[in-house]
Amino acid sequence: MPGSPRQGAALQSVLMAASRFPVKRTIAVAVLLAVFAQARRILAARHAAKANPAAAAASTAAAAPTARTGKRKQDVDAVFLRRLRRLLKICIPSLHCKEAVLVVLHSTFLVLRTILSVYVAALDGHIVSALVQGKAKAFLKGLLMWMAVAVPATYTNSMLAFLQSKMALAFRTRLTDYVTEKYLSSATFYRLTNLDDRIASPAQLITVDIPKFCTSLTELYSNLAKPILDVVLYNIQLAQSVGGNVLLAGSFVIHVSAQLLRLVTPAFGKMVAEEGRLEGDLRFRHSRLLENAEEIAFYGGEDRERHILESSYLALIRHVNSIFRTRVWFNMVEDWVIKYFWGATGLIICSGPVFLPRTQPPKRRLSDRIAGETLATTGSDNALGSRTQDFVTNRRLLLSSSDAFGRLMYSYKELSELSGHVARVSELLDTLDDVMAGTYRKQLVGSTKAQVAKRGLGTSATASSDAPAMDKATLLASRGQVIEAGHIAFDKVPIVSPNGDVLVAELTFHVNPGMHLLIVGPNGCGKSSMFRILGGLWPVYGGTVHKPPSSEIFYIPQRPYLCAGTLRDQVIYPHTITDMHARGVTDADLAAILDVLQIGHLVGREGGWDAEKEWSSALAGGDKQRIAAARLFYHKPKFAIMDECTSSVSMDIERIMYTHATQLGISMLTVSHRASLWVYHSHILQYDGMGGYVFGPLNAEERLALQEEKQRLEILLQDEAKIKDRLQELRSVRDERRASLASLSA
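Think of each chain on its own: its residues are numbered from 1, step by step along the sequence as written. Side-chain atom pairs in this predicted model are given and counted only at pLDDT of 80 or more, local residue features only at pLDDT of at least 70, and totals for whole chains, interfaces and linings cover all residues. Based on all heavy atoms of the structure, the side-chain values leave hydrogens and waters out of the count.

In the nomenclature of an unreviewed UniProt entry, the protein chain corresponds to ABC transporter domain-containing protein from the organism Allomyces macrogynus. UniProt positions are given in the numbering used here, feature names are shortened, and annotations may be inferred rather than shown by experiment. Its UniProt record gives the protein chain a comment under Sequence similarities (unreviewed entry), which states: "Belongs to the ABC transporter superfamily. ABCD family. Peroxisomal fatty acyl CoA transporter (TC 3.A.1.203) subfamily."

Participant: Mind laying out the overall build of the protein chain, listing which residues take part and the relevant values?
Facilitator: Each helix is a run of H or I in the DSSP string that is no shorter than four residues. Each strand is a run of E no shorter than two, and both are numbered from the N terminus. Counting secondary structure elements, the protein chain contains 26 helices and 16 strands. In the protein chain, buried positions account for 39% of the 746 residues. If you take every contact in the protein chain between residues at least 6 apart in sequence, the share linking residues at least 24 apart comes to 78%. Total accessible area on the protein chain stands at roughly 41,100 Å², and carbon and sulfur atoms take up 60% of it. Exposure categories follow from relative accessible area, calculated using a 1.4 Å probe and restricted to protein chains: below 20% of the type maximum is buried, above 50% is exposed, and the middle band is partly exposed. Any pair of residues with heavy atoms lying within 4.5 Å of one another is described as a contacting pair. We get accessible surface area from the Shrake-Rupley algorithm with a probe of 1.4 Å; when it comes to residues, only the shown protein chains can shield them.

Participant: I'd like a description of helix α7 (residues 136-183), backed by residues and values.
Facilitator: For the α-helix, the turn length of 3.6 residues means that residues three or four positions removed from each other point alike. By definition here, a helix of n residues has an expected span of 1.5 Å times n minus one. Here α7 contains 48 residues, and its C-alpha end-to-end distance of 69 Å stays within 8% of the 70 Å for a straight helix at 1.5 Å per residue. Roughly 30 degrees is the biggest bend found in α7, and it falls at A150, with proline P152 one to four residues downstream. At any given residue, the bend is defined as the angle formed between two axes, one fitted to the seven residues that end at that position and one fitted to the seven that begin there.

Participant: How would you summarise the confidence of the model for the protein chain if you had to cite specific residues and measurements?
Facilitator: On average, the protein chain scores 75 in pLDDT, and the residues at 70 or more come to 71%. Mean pLDDT across the elements of the protein chain ranges from a minimum in strand β1 (residues 449-450), with 34, to a maximum in strand β9 (residues 544-547), with 94. The predictor attaches a confidence to each residue, and that confidence, scored 0 to 100, is pLDDT. Residue range residues 45-74 is modelled with pLDDT below 50. Its contacts to residues more than four positions away, or to other chains, number 14 contacts. A low-confidence stretch, residues 446-469 (pLDDT under 50), is modelled with 48 contacts involving residues beyond four sequence positions or located in other chains.

Participant: Give me the lowdown on the pattern of salt bridges, citing residues and values where you can.
Facilitator: Any Lys or Arg side-chain nitrogen found within 4 Å of a carboxyl oxygen on Asp or Glu counts as a salt bridge. Tallied over the full model, the rule gives 19 salt bridges. Here D587 makes a salt bridge to R568, at a shortest N to O gap of 3.0 Å. One end of the pair, D587, is in helix α21 (residues 587-596); the other, R568, is in helix α19 (residues 567-572), and 19 residues separate them in sequence. By relative accessible area, which is 27% here, D587 ends up partly exposed. The buried category is assigned to R568, whose relative accessible area is 6%. R674 is paired through a salt bridge with E654; the nearest N and O atoms lie 2.7 Å apart. In this pair, R674 is assigned in the loop between β14 (667-671) and β15 (683-687) and E654 in helix α25 (residues 651-663), connecting sequence segments 20 residues apart. R674 gets classed as partly exposed once you look at its relative accessible area, which sits at 26%. Within this structure, R605, E606, K613, D623 and R626 form a network of salt bridges that share partners.

Participant: Would you mind going over the sheet that holds strand β6 (residues 488-496) in detail, with residue names and values included?
Facilitator: Spatially, β5-β9-β6-β7 is the arrangement adopted by the 4 strands of the open sheet, whose pairing is mixed. Each edge of the sheet is formed by a strand with only one pairing partner; in this case those strands are β5 (481-484) and β7 (502-511). Strand-to-strand twist of the sheet, defined as the mean angle between neighbouring strand axes without regard to direction, takes the value 25 degrees. Here, a strand pair is defined by DSSP locating no fewer than two bridges between the strands. Taken together, the 3 bridges between β6 and β9 define a ladder with antiparallel strand orientation. Residue F490 lies in a different strand from β9, and its bridge partner there is V545. A fitted line through C-alpha atoms serves as each axis, taken over the contacting stretch for helices, and the angle formed by two N-to-C directions is quoted from 0 to 180°. Along the sheet, helix α18 (residues 527-534) contacts β6, β7 and β9; its crossing angle with β6, the most-contacted strand, is approximately 120 degrees.

Participant: Outline the environment of A592, supporting the account with residue identities and numerical values.
Facilitator: Relative to the elements of secondary structure, A592 occurs in helix α21. Taking the relative accessible area as the measure of exposure, A592 reaches 40% and is therefore partly exposed.

Participant: Give a description of the pairing of strand β16 (residues 693-697) that names residues and reports values.
Facilitator: Relative to β16, β15 runs antiparallel, the two being bridged by 5 bridges. Looking at the pairing, H683 lines up with P697 of β16. Taking the residues that link successive antiparallel strands as the turn, the β15-β16 hairpin has 5 residues, and the phi of G689 there is positive, at about 80 degrees.

Participant: Outline the sheet that holds strand β10 (residues 553-556), supporting the account with residue identities and numerical values.
Facilitator: Read from one edge of the open sheet, 6 strands run β10-β13-β14-β8-β15-β16, paired in mixed fashion. Every other strand in the sheet has two partners, leaving β10 and β16 as the edge strands with one partner each. Strand-to-strand, the axes of this sheet are offset by a mean angle of 15 degrees, without reference to chain direction. Here strand β13 (residues 639-643) runs beside β14; their pairing, made up of 5 bridges, is parallel. Within the sheet, the bridge partner assigned to M642 lies in β14 and is T670. Against the sheet, helix α24 (residues 621-635) engages β10 and β13, with an angle of about 170 degrees to β10.

Participant: Quick one: what's the story with the packing of helix α5 (residues 78-91) against α7, residue by residue and with numbers?
Facilitator: Axis separation between α5 and α7 bottoms out at 8 Å; the angle between their running directions is 100 degrees. On the basis of the axis angle, α5 is roughly perpendicular to α7. Seen from α5, the contacting residues are R86, L87, I90 and C91; seen from α7, they are F171, R174, L175 and Y178. Just so you know how the angles are binned, under 35 degrees is roughly parallel, over 145 roughly antiparallel, 65 to 115 roughly perpendicular, and the rest oblique.

Participant: Just give me the short version of the packing of aromatic side chains, but keep the residues and values in it.
Facilitator: Only Phe, Tyr and Trp rings take part, Trp by its six-membered ring, and two of them pair if their centres are within 6.5 Å. Stacked means planes under 30 degrees apart, edge-to-face means over 60, and tilted covers everything else. Enumeration according to the criterion identifies 7 aromatic pairs in this entry. Counting every residue linked through ring pairs, the aromatic cluster contains F490, F509 and F695. Look at NZ for Lys and CZ for Arg. If either is within 6 Å of the ring centre and within 35 degrees of the ring normal, a charge sits over the ring. In this structure, R583 is placed above the aromatic ring of Y634, and the distance from its NZ or CZ to the ring centre is 4.7 Å.

Participant: How would you summarise the nonpolar core if you had to cite specific residues and measurements?
Facilitator: Core analysis: the largest hydrophobic core is formed by 39 residues, its most contacted members being L590, L594, I627, L632 and M642. The set of elements that each furnish at least two residues to this core consists of β10, α19, α21, α22 (601-606), α24, β13 and α25. With 7 residues, α24 is the single largest residue contributor to this core. With 36 residues, the next largest nonpolar core counts C91, V103, V179 and V422 among its residues. The nonpolar core is taken to be a set of buried Ala, Val, Leu, Ile, Met, Phe, Trp, Tyr and Cys residues, with the residues joined through side-chain atoms within 4.5 Å.

Participant: Quick one: what's the story with the layout of surface pockets, residue by residue and with numbers?
Facilitator: Using only the protein atoms, space was sampled on a 1 Å grid; points where a 1.4 Å probe fits but cannot get out form cavities, open sets with protein on both sides within 12 Å along at least five of seven lines form pockets, and lining residues are those with an atom within 4 Å of a point. Grid points are joined across faces, edges and corners, and a volume is the space filled by probe spheres set on the points. Here the second largest pocket is characterised by a volume of approximately 1,500 Å³. As for the second largest pocket, its lining consists of 36 residues, of which L537, F554, Y555, P557 and Y573 are closest to the centre. Of all the secondary-structure elements, those providing two or more residues to the lining of the second largest pocket are α8 (188-194), α18, β10, α24 and β13. Start and end points for every domain follow an automatic or database-based domain assignment. Here the lining of the second largest pocket spans two domains, and each of domain 1 (79-93 + 167-356 + 383-437) and domain 2 (474-698) adds at least three residues to it.

Participant: Which residues make up unusual backbone geometry, and what values go with them?
Facilitator: Cis geometry is found at the peptide bond from Y573 to P574, where omega equals 5 degrees. Here P574 lies in the loop between α19 and α20 (577-582). For Q598, which is not a glycine, the phi torsion comes out positive at approximately 65 degrees. Considering the arrangement of structural elements, one finds Q598 in the loop between α21 and α22.

Participant: Break down the side chain of S497 for me, with residues and values.
Facilitator: In this fold, S497 is placed in the loop between β6 and β7. Those residues in contact with S497 that sit more than four places away from it in its chain are L476 and W538.

Here you go:
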């Protein structure tokens, strides 16, 4: 029978034999074997990836379909650890930084809280023992000690919460500064959103995902470091009390159940990453609505935009609901294992000293060394009190150990969620590095082939001939040369959009200091694209570009950008007032520039140079363009790109702008369809909209005369058509009258 004395004696003899073998040595050997096995698996996986990179790439590419079909994909793997190590080096750059000090302080308080927990467990056992034995003095003394220990305990808990928040904030500051430094250098923010499709909403990642990652990282550190320390110390206490054999058997059962629970844990990391992506998509669609509010309102597109926003929101809600449904059954399984199954195992462990007497007296526990001297009055005088004290102390230690191990299991779920945040932030860092290195990933639209027409270059006419089709990906991967020089020159440079559409096969022209180039052509022919290449926003896909440093080229768009700041900041942008004073420029000099443009009254009207407003709405369109011209006169670059920058000013102000720029020695490259600007330019670059162009000298008087003659001929042709129609009408009237007279005479 199961409960026969013979079997009980056999069980006791086995346990006694097992207790002769040092438990610590057994645990150490088991840990070493587990670490060795894990290291072998990692090395084998790396060796297989090196030996067969195609298979490794295929397995990576198959990760997304696997997640969709419901098969579990490991979130915490070597890739996650590599990414996390990179982020930690950014958050904690050295051992002497502020963040490292915060981590050390936080760890110190974690150790202090564990020591206090051990003390409280022993103190709890002594108080209950004194209560059972009816010792009022010992009971009151225990209560006083209980109230006294509450002071350092509450302070420790408060400091842990404070230090955890400080660590999250410090990590966020480090990571945000690192990302912002890359994001706002060399126009990376422009290329990230216009030349690359991997990051749809960088603002979402910087302002939402980075704080989530830092908060999750600090919470995970607290939820890992403290439970690990608790499990070690509490198990040492329990081993000294109940015996290492019983504790080892219980730990084995708990470990097996934990591994089974880990196997059924869903891929929360992928779920969190997908939730972040959907949140970013919804935020991006809302920002598009605000950016294009006027056009949408004119079109009456409210219903259409509502449908777009609702579609994005419903996609997010469906995904969040799927996470909730997944967590329902997983939380049931997790709670049953951690709270009830492990609780029953703990009671079995606590019953060890009662049902399985030990042949050797138990060692004095650390908790007794800490708290035993204060309350131990009758050690073994009362068997009931002693047993009660041991049971209460062991049960409290066991509950604390079980809670710590449960937090370790819960932390695995948090670790999976952290992997999602790590993946999102790492994707941002990888994309920033690629964009800064000139590597872009763009989703090409339409055909993968682009017909590239090589145009004959001349000063008065162009001829075209068909060329073989070139793959878009190959074209976008090719690069030309950019050489710093004192002039601007394009030598066989293709004008290619980020999508791979070839606007001009080979563009060749030059602008030397003192030359003024007028650029004309239909919409979409490549005028603005050429400026983006010249400004370094788009890469050079072939040929050679000679250009001066960026500080010697200034760009004035049709709608000038007005920054947040004072009226002075609008004129000197992107300089600061410190830069202005370093150049020896005063407010009086700025006022003189405004007087040249006939807007000197703005200073008094708007409240002085230090007035701060939303200038994009406070100033009219013509005033904005004149502020942009003042900005040009302040910086005095060698070259200026004028992109329809006089469309809202009168011809008199236009004449002042171009005349003063010429007097300052600024060479202008102007895009405009105004014939009044021809007299201020010496050369012309004219696109035909079909991939061809003309570059040569511009004779403004001759071109104006031809333009006027063309307009007169067009008027004459229109009049000729009217005269012909009137003549035809008169002939019809004449014929009708002749016919009527003939009928009367007959």
